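Per-entry structural report
Letter by letter, the chains look like this.
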Amino acid sequence: MKTTALTDVHIALGAKMTAFAGYNMPVSYSGINDEHHTVRNAAGVFDVSHMGEFILKGEGALDLIQRITTNDASKLTPGKAQYSCFTNEQGGIIDDLIVYCLPGNAWMLVVNASNIEKDWNHLVKYNSGNVEMHNISDKTSLLAVQGPKAKSILQKLTQVNLDEIPYYHFTKGVFAGRENVLLSNTGYTGSGGFEIYFENNHAVTIWNKLFEAGHSEGLKPCGLGARDTLRMEMCFCLYGNDIDDTTSPLEAGLGWITKFSKVFTGSSVLQKQKEEGVKKKLIAFEVEGKGIPRKGYDLCSEEGDLIGHVTSGTQSPTLGKPIGMGYVKAEYAKPDTKINLMVRDSSVEARIVKSPFYKQPS
Amino acid sequence: MVISFNSSPHLRKKSNLCPTFFKSPTPFREIMNLPADLLYTKEHEWIKIDGNTATIGITDHAQSELGDIVYVDVTAINEPLDKGVVFGTIEAVKTVSDLFLPMSGTITELNAEIEANPELVNKDPYGQGWMVKMTLSNLSEQSELLSADAYRQLIGA
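Anyway, here's the lowdown on the structure attached to this text.

About the cut-offs
- Residues numbered from 1 in each chain as written.
- Chains lettered and ligands numbered in written order.
- Predicted model: local features only at pLDDT ≥ 70, side-chain atom pairs only at ≥ 80, totals over all residues.
- Heavy atoms only, no water.
- Helix = DSSP H or I, 4+ residues; strand = E, 2+ residues; numbered from the N terminus.
- Rg over C-alpha atoms; globule rule 2.2 N^0.38 Å.
- Contact = heavy atoms within 4.5 Å.
- Areas by Shrake-Rupley, 256 points an atom, 1.4 Å probe, with all protein chains shown as cover.
- Buried < 20%, exposed > 50% of the residue type's maximum accessible area, 1.4 Å probe, protein only.
- Lys, Arg positive; Asp, Glu negative; His and termini not counted.
- Salt bridge = Lys/Arg side-chain N within 4 Å of Asp/Glu carboxyl O.
- Polar contact = N/O pair within 3.5 Å; in protein donor to acceptor, adjacent residues only side chain to side chain.
- Pairing = 2+ DSSP bridges.
- Axes fitted to C-alpha atoms, helices over the stretch in contact; angles between N-to-C directions.
- Expected span 1.5 Å × (residues − 1).
- Disulfide = S-S within 2.5 Å.
- Parallel < 35°, antiparallel > 145°, perpendicular 65-115°, else oblique.
- Left-handed = near helix turned anticlockwise from the far one by under 90°.
- Nonpolar A, V, L, I, M, F, W, Y, C, P; charged D, E, K, R; others polar.

With that out of the way, let us pick up the overall build of chain A. The secondary structure content of chain A amounts to eight helices and 19 strands. Whereas a compact globule of 362 residues would reach a radius of gyration of roughly 21 Å, chain A reaches 21 Å, a difference of no more than 12%. Counted over contacts in chain A with a minimum sequence separation of 6, partners at least 24 positions apart contribute 65%. When the accessible surface of chain A is totalled, it reaches about 14200 Å², and 49% of it is carbon and sulfur.

With that out of the way, let us pick up the side chain of E141 of chain B. Residues and elements named next belong to chain B. Tracing the sequence through the fold places E141 in the loop between strand 9 (132–136) and helix 5 (148–155). K83 is the oppositely charged side chain nearest to the buried, salt-bridge-free E141, at an N-O distance of 5.7 Å. Looking at E141, its side chain comes within polar contact range of the main-chain nitrogen of S104, at 2.7 Å. Beyond its immediate chain neighbours, meaning those up to four positions away, E141 contacts K83, M103 and S104.

Residues and elements named next belong to chain A. Within the structure shown, the criterion is met by 20 salt bridges over all chains. Among the ionic pairs, D63 bridges to R67, the shortest N-O distance being 3.0 Å. One end of the pair, D63, and the other, R67, are both in helix 3 (residues 61–68), four residues apart, so they sit about a helical turn from each other. D63 sits in the partly exposed class, given a relative accessible area of 42%. Residue R67 is classed as partly exposed on the basis of its relative accessible area of 27%. Close ionic contact of K156 with E217 constitutes a salt bridge, the shortest N to O distance being 3.1 Å. Of the two residues, K156 is situated in the loop between helix 5 (150–155) and strand 10 (170–175) and E217 in the loop between helix 6 (203–214) and strand 13 (220–222); the sequence distance between them amounts to 61 residues.

All names here are of chain A. Among the secondary structure elements, I65 is positioned in helix 3. Taking C-alpha positions, I65 is 9.4 Å from Y126, a pair spaced 61 residues apart along the chain. What I65 contacts, discounting residues up to four positions off in sequence, is L56, A73, V99, W107, L109 and K262.

Moving on to the sheet that holds strand 19 (residues 346–353) of chain A. All names here are of chain A. Strand order in the closed barrel formed by six strands is 14-17-16-15-18-19, and the pairing between neighbours is antiparallel. Going across the sheet, the axis of each strand differs from the next one's by a mean of 40 degrees, ignoring polarity. Strand direction decides the pairing type here: strand 15 (residues 298–301) and strand 18 (residues 338–343), joined by three bridges, are antiparallel. Bridge assignment links C300 to a residue of strand 18, and that residue is N340. Sheet contacts for helix 7 (residues 224–233): strand 16 (306–315) and strand 17 (322–329); angle to strand 16, the most-contacted strand, approximately 125 degrees.

Let's shift gears to helix 6 of chain A. For helix 6 of chain A, which comprises twelve residues, the first-to-last C-alpha distance of 16 Å matches the rise-based estimate of 16 Å (1.5 Å per residue) to within 8%. Those residues of helix 6 of chain A that fall on the buried side of the exposure criterion are A203, I206, W207, N208, L210, F211, A213 and G214 of chain A.

Right, let's get into the state of the cysteines. Working definition of a disulfide: a covalent bond connecting the sulfur atoms of two cysteines. Evaluation of the coordinates by the stated rule reveals zero disulfides over all chains. C237 of chain A provides the cysteine sulfur closest to C85 of chain A, a residue in no disulfide bond, and the two sulfurs are 8.1 Å apart.

Residues and elements named next belong to chain A. For the pair helix 2 (residues 32–41) and helix 7, the least separation of the axes is 8 Å and the interaxial angle reads 55 degrees. In this view, helix 2 runs oblique relative to helix 7, as classed from their interaxial angle. Along this stretch, helix 2 crosses helix 7, giving a crossing that reads as right-handed. Note on element contacts: helix 7 touches helix 2 through G225, A226, T229, L230 and E233, opposite I32, E35, H36, V39 and R40. Broken down by class, the residue content of the contact of helix 2 with helix 7 amounts to four nonpolar, three polar and three charged.

The next thing to look at is the environment of K16 of chain A. All names here are of chain A. Its location among the elements puts K16 in strand 1 (residues 16–20). A relative accessible area of 6% places K16 in the buried class. Along the chain, K16 and G31 lie 15 residues apart, while their C-alpha atoms are 9.1 Å from each other.

For an α-helix the count is 3.6 residues per turn, leaving residues at separations of three or four pointing the same way. Residues of helix 3 of chain A that are buried: A61, L64, I65, Q66 and I68 of chain A. Structurally, helix 3 of chain A contributes buried residues whose contacts are with strand 4 (52–57), strand 5 (81–87), strand 6 (93–102), strand 7 (106–111) and helix 4 (116–126) of chain A.

Residue and element names in this part refer to chain A. By secondary structure assignment, the location of D96 is in strand 6. Residue D96 is classed as buried on the basis of its relative accessible area, which comes to 7%. C-alpha separation for the pair D96 and V110, spaced 14 residues apart in sequence, amounts to 8.8 Å. If we ignore the near neighbours within four places in the chain, the residues touching D96 are Y83, S84, C85, V110, V111, N112, Y188, C237, Y239 and I243. Looking at D96, its side chain comes within polar contact range of the side chain of Y83, at 2.6 Å. Among the polar contacts listed, one links the side chain of D96 to the side chain of N112, at a separation of 2.7 Å.

With that out of the way, let us pick up the pairing of strand 7 of chain A. Residues and elements named next belong to chain A. Burial analysis of strand 7 places six of its six residues in the buried class, the great majority of the element. Burial along strand 7 is two-sided: the face carrying A106, M108 and V110 and the face carrying W107, L109 and V111 are both buried. Where strand 6 meets strand 7, six bridges bridge the pair, whose relative direction is antiparallel. For I98, the partnering residue across the bridge sits in strand 7 and is V110.

Right, here's the structure in full:
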């Protein structure tokens, strides 16, 4: 099993560990609920170094990215990033990713750990030969420092003014005495914060300095369990659950990152799907009865007809009730539609709601 | 119950990488608690036998692996049941698990306290977090259950 530069630290801290995408990763430390509330109310650190990072360089790099991703990377200037998808020829999602525009015709693509090989092969297939590609995943660490107190904790460790980095912007600088740290105002929790990328040899120092700086503000280490409940309350998609090679970005509610002002793999299929309307839609629902939705459970109409299935579900720590995401036939996708969740042998009342479940206090 | 989480058996190996303020006094995981007066199943239930009645719950190891428990749903009460049948389910934030009856008999009582406070199962799995009481129909089955030492070996604690 693969490890991150911090695996030994997690084990030493007594984290509950699990195999995820081939990596030995922390699921939780103090408990999923406690870590979840910590991120909503203070700040937490997630080691997400299993994520993949590719560097693309050269004159043709933008053209390659434009041809294989759904969002419009030509809108980016150095220091800006965007959420995007790789799509296949059928318009299905190969992966979701973040595209970072670096200075000097260079780009960084951040992809899911489980898809590193698939994404790399996809890039190779479409690279007509003039784009230099580097897979830096194995030597790059990534910590997500998330929560309302994340920025003030991080600010103690750098001269870079973090207030000058808006959402989906980033800069490189000295952090915790270490050079060449990429500070990105991004994250997957809905509680704000930064994601920081650096070389593996800085990992233990940066981790320890973060906790020295954040101890007084309640900073805690968090695992993949809380990362999952946090992203679910925001209705952020998890690859392999809510999106995969057979679901299109339009079906997944990712029309906002699907730009038909350019041609990309599968764009003609998706254009047609947009004109004709999608047949299924990813929806969010709250369970009104007793039962927690889990991936694969059936969703039925009020009349009892099968209309779709659950892709993600949990007991929401913030709402204190069961929530889920799933695909249903498009005619059932309107908010406030009553549906039934099939929990083992029984049918439990549920209701489609507007996403997200959680709204960050302003 | 069956634990579906794929956990590492090497959870508490110490190293020097840990920041000092994490080392004590509150480690994230306690040393596994296994009372000697209980019997255990391979599916991580415990049973306390008192004459021909018994109290049943899940082990400290089980609650720790499941994480935050949301509720316990017991579906089979006041009917004779065979050893090994699923008598309910336990829902945690992250996963769901079946509960298996350690011995044959009839469930007579549910713990109403854990309905309102499911976290009792996490906090006190052998005490306030008990799940059901039952009458036993075949006392000889207890020879098939695990002692605390045998269960400790099973979970590698």
